[in-house]
Amino acid sequence: MGFMATSIIFFAAGLIASLLVRLCFNRGASTNLFHLTLIITATVCCWMMWAIVYLAQLKPLIVPILSEAE
Amino acid sequence: MKFFNDLPPMDHFRSENMSLVQLIMPVESAQHAVSYLGELGLLQFKDLNGDKSPFQRTFVNQVKRCSEMSRKLRFFADQISKAGVTTYPNPDSEEVIDLEQLEAGRFLGSAQNHLVMAETELVENTYSIKNEDRLSLLEQSMQPEPSKKAGLRFISGIICKSKELIFERMLFRATRGNMFFNQAPAGEQVMDPVSGEMVHKTVFVVFFSGDQARSKILKICQAFGANCYPVPEENNKQKQLTHEVSLRLSELEATLDAGTCHRNKALASIGSQLWNWTIMVKKEKSVYDTLNMLNFDVTKKCLVGEGWCPTFAKPQIKEALHQATIHSNSQVGIIFHDMDSSESPPTYFRTNRFTNAFQEIVDAYGVARFQEANPAVYSVITFPFLFAVMFGDWGHGLCLLFGSLVLILREKKLGSQKLGSFMEIAFGGRYVLLLMAFFSIYCGLIYNEFFSIPFYIFGESAYKCRSTDCSDAQTAGLIKFRDPYPFGVDPKWRGSRSELPFLNSLKMKMSILLGVCQMNLGIILSYFDAKFHGNPLDIQYQFIPQIIFLNSLFGYLALLIVIKWCTGSQADLYHVMIYMFLDPFGNLGENQLFWGQKELQMLLLILAVVAVPWMLFPKPFILKKQHTERFQGRTYGFLGTSEMDLDHEPDSARHQHQEDFNFSEIFVHQMIHSIEFVLGAVSNTASYLRLWALSLAHSELSTVFYEKLLLLAWGYDSIIIRIAGLAVFAFATTFILLMMETLSAFLHALRLHWVEFMNKFYHGDGYKFKPFSFKALADEED
């Protein structure tokens, strides 16, 4: 799957998570905003981690050279 | 920007609004009021008698009485534990025990104590006599003709076994060797009346001649605490003595048993109440300590107190005071009103058990200034995330998850019992551990490491051999024939010879990217702080130049990294960055990544160079101009408060600050701040490379344990070696990887937050809200 497709999946997962949290843990406007901040931070962190590792392997400059015991 | 203004205030982001309140209580309802406020636990009293010594305060006698009472209760508790009486604290009996009743109990206790002391001495005596008995047997065997040895006399006694050797040596020296010493162990342990413990004793006999020697020996015996008992020489007399002694012994034992029984009964009856009494006395003492903080207004026959309370708690406090007025049958109600204050209020966050641990992590560095942006809001996610970047292995993550789930599922049980210091820390951080475990599993899946073994969970590898027989796989390597591995690091890298160069490059660049993002978040938080406090100077002359400086250098580096990855260029980024400074006009040649790079670099360099004096110079001069405008003509300072009210308000709320504007101090402060930021931009970005370093260390350690312990042991056929290898592998994984590496990654993630993230916006020089609360007392006791 391509870069854009998986990024959209991450974005959708974040949206679904925030909707679920809003439905299950609705405790007033200020607390909802706090939960939303947590979800957004988590989604951004996870997406960045995946994106960095994916982009690094997109056009690699070196390739695996197997060791002797293979 | 308007979008951010319209949002409701976020929980935990800024500390609660606090009000300085004043309470005026009539004396009869004061104690009830303070007691109920202690139950509520939402008011922090200010000490209005701070300059008075403890003995000058109003309620010093009551405090002394409470201390005495708690001392007696502690004595009781000691006695109970020494007697080995088990008590069952009775939580149901909520009767309010009078202090007089406690006094009666104390009397009984002291009487018991005397009896106990007398008994122990008698016991010692009896045991000694009993042992003398044995000693006489010893004598008999050694001394066949007692009558013949005319001048020879002896002293016999009993001494602690530990002192016996020194005693013997001392006797030898004192009598110049003219003595004969013999000793035998006393057999059973005897209770030493001095220390109240059971010690081993030795029975001894010293033969000597002469009076001087006798007096010397007696003195030495006295000094060493040895008890001397006379033993007659003839056989008949010895038998008589033995008989007498045994009679006395049995009598005393009977008395002792009866006494102990009585004492234990008394202690047991006290013991069930002891816990309640102790708590009650503690509460009373704290109430009096708090009453001592109030000003006693003699003219008006009432107590005046000041304190901080959260604004949301004011109705609850009013209710508690109302209850106190009713219960104390007072005619006059308690007056409760707001006061203005110029000093900074305490910081109070209403945390639940989940956010409590993260808030404590932030508070350990410094308590937030009043209504400053709270980094804990972001740390809830970024701290476990950065931990996981350094710990990434989903096998180890599963172990952490298991451990944290055990702690969380047994929360109620573990919360009520007393834990050891290590378990207490682990229990307090159970939700942190849970989040750390989740993110570790995620990062482990990305790094593709399960106890350092890669898996093909997300599909086929993107690499294959160039030719069908894989002849050059060890020399030229594989080739990439399709899209990159969809999630995480390709499993073919593990074990290859070029694994480390690839992973090192990946992880170093990842650290820089994550670091630049977190530092930018920190600077953006300083913008929101400046906006909240209405400080446009900070925005224009601190936030903007900081953002420009950081992003024109390190944001640009991050951009170059991403472009190099996307285009697959062979440009050397070190070279590009260094020559951006050394030779900005030179040709980039093969290091060109995109069109217009040279011009962009020159622009960014100029922006960075302009940003430095921008954050350094304007702010102090503008502050000086503002100050002279505000205090035009008033070159001398204020003399103090000019409005005098008829009723004398306490002067704590009426500090008038001397408006002393020291320009040089402000300028130096700004210079330090700017230099710290500029140099810190480089050093902090480099500091994020620890994410790479620790993740490499973790990966290498787990590889070594897997290959050199488990695989090596599994290579043999014998089952014993296999099991031994498995055991050593499990041991090494638990102690080195799960404990030491967890602590290490925890520490480094903490450092990254405390220093690199929080020094962009956090001041952390506030003080924590410590309300007067009985619950807090109980926690302190434990």
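Reading the values: the criteria
Residues numbered from 1 in each chain as written. Chains lettered and ligands numbered in written order. Predicted model: local features only at pLDDT ≥ 70, side-chain atom pairs only at ≥ 80, totals over all residues. Heavy atoms only, no water. Helix = DSSP H or I, 4+ residues; strand = E, 2+ residues; numbered from the N terminus. Buried < 20%, exposed > 50% of the residue type's maximum accessible area, 1.4 Å probe, protein only. Contact = heavy atoms within 4.5 Å. Areas by Shrake-Rupley, 256 points an atom, 1.4 Å probe, with all protein chains shown as cover. Expected span 1.5 Å × (residues − 1). Buried area = accessible area lost by both parts, 1.4 Å probe. Salt bridge = Lys/Arg side-chain N within 4 Å of Asp/Glu carboxyl O. Polar contact = N/O pair within 3.5 Å; in protein donor to acceptor, adjacent residues only side chain to side chain. Nonpolar A, V, L, I, M, F, W, Y, C, P; charged D, E, K, R; others polar. pLDDT = per-residue confidence, 0-100. Core = buried A, V, L, I, M, F, W, Y, C linked by side-chain atoms within 4.5 Å. Pairing = 2+ DSSP bridges. Axes fitted to C-alpha atoms, helices over the stretch in contact; angles between N-to-C directions. Patch = residues over 30% accessible without salt bridge, like charges linked within 9 Å, V, L, I, M, F, W, Y side chains within 5 Å. Parallel < 35°, antiparallel > 145°, perpendicular 65-115°, else oblique. Left-handed = near helix turned anticlockwise from the far one by under 90°. Phe/Tyr/Trp six-rings, centres within 6.5 Å; stacked < 30°, edge-to-face > 60°. Lys NZ or Arg CZ within 6 Å of the ring centre and 35° of its normal.

**Here's the deal with the overall build of chain B**
Now for step 1: Check the secondary structure of chain B and you find 23 helices and 13 strands.
Now for step 2: The buried share among the 782 residues of chain B stands at 45%.
Now for step 3: Contacts in chain B between residues far apart in sequence, at least 24 positions, make up 80% of those at least 6 positions apart.
Now for step 4: For chain B, the accessible area works out to roughly 42,600 Å², and carbon and sulfur atoms hold 61% of it.

**Let's talk about helix 14 (residues 430-447) of chain B**
Residue and element names in this part refer to chain B.
Now for step 1: Helix length check: helix 14, at 18 residues, gives a terminal C-alpha distance of 25 Å against a target of 26 Å (1.5 Å per residue), a fit within 8%.
Now for step 2: In terms of burial, helix 14 is largely enclosed, as 16 of its 18 residues are buried.
Now for step 3: Just downstream of helix 14 lies asparagine 448, where phi reads positive at about 60°.

**Considering the interface of chain A and chain B**
Now for step 1: Of the residues lining the interface, 34 residues belong to chain A; the matching set on chain B comes to 57 residues.
Now for step 2: Taken together, both faces of the contact between chain A and chain B bury some 4,200 Å²; the carbon and sulfur share is 74%.
Now for step 3: In terms of surface lost to chain B, no three residues of chain A exceed Met49(A), Gln57(A) and Pro64(A), which account for 17% of the buried area on that side.
Now for step 4: One can count zero salt bridges joining chain A with chain B.
Now for step 5: For the interface between chain A and chain B, the tally reads 13 residue pairs in polar contact (both at pLDDT 80 or more).
Now for step 6: Per-element accounting of the side of chain A that touches chain B gives the leading share, 20 residues, to helix 2 (residues 29-56) of chain A.
Now for step 7: Here the residues of the side of chain A that touches chain B sort into 25 nonpolar, six polar and three charged.

**Considerations on the confidence of the model for chain B**
Now for step 1: Of all residues in chain B, 85% have pLDDT values of 70 or greater, and the mean over the chain is 83.
Now for step 2: Considering only residues more than four positions removed or in separate chains, one finds that residues 144-148 of chain B, a stretch of pLDDT under 50, has one contact.

**Section: the nonpolar core**
Now for step 1: Counting 122 residues, the largest nonpolar core has Met49(A), Val389(B) and Phe549(B) as its most contacted members.
Now for step 2: If you tally residues by element for this core, the top one is helix 2 of chain A, at 15 residues.
Now for step 3: Residues within four places of Val389(B) in sequence aside, it is in contact with Met49(A), Cys443(B), Tyr447(B), Met510(B), Leu514(B), Leu691(B) and Ser695(B).
Now for step 4: Grouped together as the second largest cluster of nonpolar side chains are 35 residues, Val21(B), Leu73(B), Trp277(B) and Phe774(B) included.

**Things to note about the side chain of Thr347(B)**
All names here are of chain B.
Now for step 1: Inspection of the secondary structure puts threonine 347 in the loop between strand 11 (335-339) and helix 9 (353-365).
Now for step 2: Given the relative accessible area of 3%, threonine 347 is considered buried.
Now for step 3: Not counting residues within four places of it along the chain, the set of residues in contact with threonine 347 comprises Ser15, Val367, Ala368, Arg369, Phe370, Gly766, Tyr767, Lys768 and Phe769.

**Focus on the sheet that holds strand 4 (residues 180-185) of chain B**
Residue and element names in this part refer to chain B.
Now for step 1: With antiparallel pairing, the four strands of this open sheet are ordered in space as 4-7-3-8. Where the open sheet ends on each side, the last strands, each with one partner, are strand 4 and strand 8 (227-228).
Now for step 2: Together, strand 3 (152-160), strand 4 and strand 7 (201-209) form the strand contacts of helix 5 (residues 164-174), whose direction differs from that of strand 4 by roughly 170°.

**Here's the deal with the pairing of strand 10 (residues 302-310) of chain B**
All names here are of chain B.
Now for step 1: Extensive coverage of strand 10 is indicated by the burial of nine of its nine residues.
Now for step 2: Burial of the side chains of strand 10 extends over both faces: Cys302, Val304, Glu306, Trp308 and Pro310 are buried on one face and Leu303, Gly305, Gly307 and Cys309 on the other.
Now for step 3: Strand direction decides the pairing type here: strand 2 (residues 44-45) and strand 10, joined by two bridges, are antiparallel. Pairing of glutamine 44 across the sheet is with tryptophan 308, part of strand 10.
Now for step 4: Bridge count between strand 9 (residues 295-297) and strand 10: three bridges; the pairing is antiparallel.

**Brief notes about a nonpolar patch on the surface**
Now for step 1: Together, Phe731(B), Phe735(B), Ile736(B), Met739(B) and Met740(B) make up a nonpolar patch on the protein surface, roughly 480 Å² of accessible area in all.
Now for step 2: By the element assignment, Phe731(B) lies in helix 22 (residues 719-757).

**Some points on unusual backbone geometry**
Glycine aside, residues mostly have negative phi, and peptide bonds are mostly found in the trans state.
Residues and elements named next belong to chain B.
Now for step 1: The backbone of arginine 176 shows a phi angle near 55°, a positive value even though the residue is not glycine.
Now for step 2: Secondary-structure assignment places arginine 176 in the loop between helix 5 and strand 4.
Now for step 3: By relative accessible area, which is 72% here, arginine 176 ends up exposed.
Now for step 4: A positive phi angle is found at phenylalanine 451, which is not glycine, with a value near 50°.

**Remarks on the pairing of strand 7 of chain B**
All names here are of chain B.
Now for step 1: With eight of its nine residues buried, strand 7 lies for the most part within the structure.
Now for step 2: Sheet analysis places strand 4 next to strand 7, joined by six bridges and oriented antiparallel. In the sheet register, phenylalanine 180 faces strand 7, and the bridge partner there is phenylalanine 207.

**So, the packing of helix 15 (residues 499-532) of chain B against helix 16 (residues 536-567) of chain B**
All names here are of chain B.
Now for step 1: The N-to-C vectors of helix 15 and helix 16 enclose an angle of 160°; their axes lie 10 Å apart at closest approach. On the basis of their axis angle, the class for helix 15 and helix 16 is roughly antiparallel. The interaxial crossing formed by helix 15 with helix 16 has left-handed handedness.
Now for step 2: Along the lines of polarity and charge, the residues of the contact of helix 15 with helix 16 split into 19 nonpolar, five polar and four charged.

**What about the pattern of salt bridges?**
Between side chains of opposite charge, a pair can form as their charged atoms come close.
Residue and element names in this part refer to chain B.
Now for step 1: Within this structure, the stated rule accounts for 17 salt bridges over all chains.
Now for step 2: Of the charged contacts, one joins arginine 430 and glutamate 411 as a salt bridge, the two residues approaching to 2.7 Å between their closest N and O atoms. Placement of arginine 430 in helix 14 and of glutamate 411 in helix 12 (residues 411-416) is noted, with a sequence separation of 19 residues between them. In terms of burial, arginine 430 and glutamate 411 fall into one category: buried.
Now for step 3: Via salt bridges that share partners, Lys46, Glu306 and Glu343 belong to a single interconnected network.

**Notes on the side chain of Asn292(B)**
All names here are of chain B.
Now for step 1: Among the secondary structure elements, asparagine 292 is positioned in helix 7 (residues 235-292).
Now for step 2: Within the structure, the side chain of asparagine 292 is placed 2.9 Å from the backbone nitrogen of phenylalanine 59, a separation counted as a polar contact.
Now for step 3: Beyond its immediate stretch of four places on either side in the chain, asparagine 292 contacts Asn49, Arg57, Thr58, Phe59, Val60 and Val63.

**With respect to helix 9 of chain B**
Now for step 1: Of all the residues in helix 9 of chain B, the buried ones are Thr355(B), Ala357(B), Phe358(B), Gln359(B), Ile361(B), Val362(B) and Asp363(B).
Now for step 2: Here the buried face of helix 9 of chain B lies against helix 2 of chain A together with helix 10 (376-391), helix 13 (421-428), helix 14 and helix 22 of chain B.

**Some points on the packing of aromatic side chains**
The way to describe two aromatic rings as a pair is by their centre distance and the angle between their planes.
Now for step 1: Under the defined criterion, the tally for this structure stands at 39 aromatic pairs over all chains.
Now for step 2: Centroid distance Phe385(B) to Phe439(B): 5.9 Å. Interplanar angle 75°. Geometry classified as edge-to-face. Note that Phe385(B) is positioned in helix 10 and Phe439(B) in helix 14, a separation of 54 residues in sequence.
Now for step 3: In this structure Phe439(B) comes out as buried when scored by relative accessible area, which is 7%.
Now for step 4: These aromatic residues form a ring-pair network of at least three members: Phe3(A), Phe10(A), Trp47(A), Trp50(A) and Tyr54(A).
Now for step 5: Positioned over the ring face of Phe532(B) is Arg14(B), at 4.0 Å from the centre of the ring.
Now for step 6: Positioned above the aromatic ring of Phe427(B) is the side chain of Arg430(B), whose terminal nitrogen or guanidinium carbon lies 4.2 Å from the ring centre.

**Let's talk about the environment of Tyr556(B)**
All names here are of chain B.
Now for step 1: Within the secondary structure, tyrosine 556 is located in helix 16.
Now for step 2: The exposure class of tyrosine 556 is buried, given its relative accessible area of 2%.
Now for step 3: Each C-alpha atom, one on tyrosine 556 and one on glutamine 601, is 8.7 Å from the other, the two residues being 45 residues apart in sequence.
Now for step 4: For tyrosine 556, the residues in contact, after removing those within four places along its chain, are Asn551, Met577, Met580, Phe594, Gln597, Leu600, Gln601 and Leu604.

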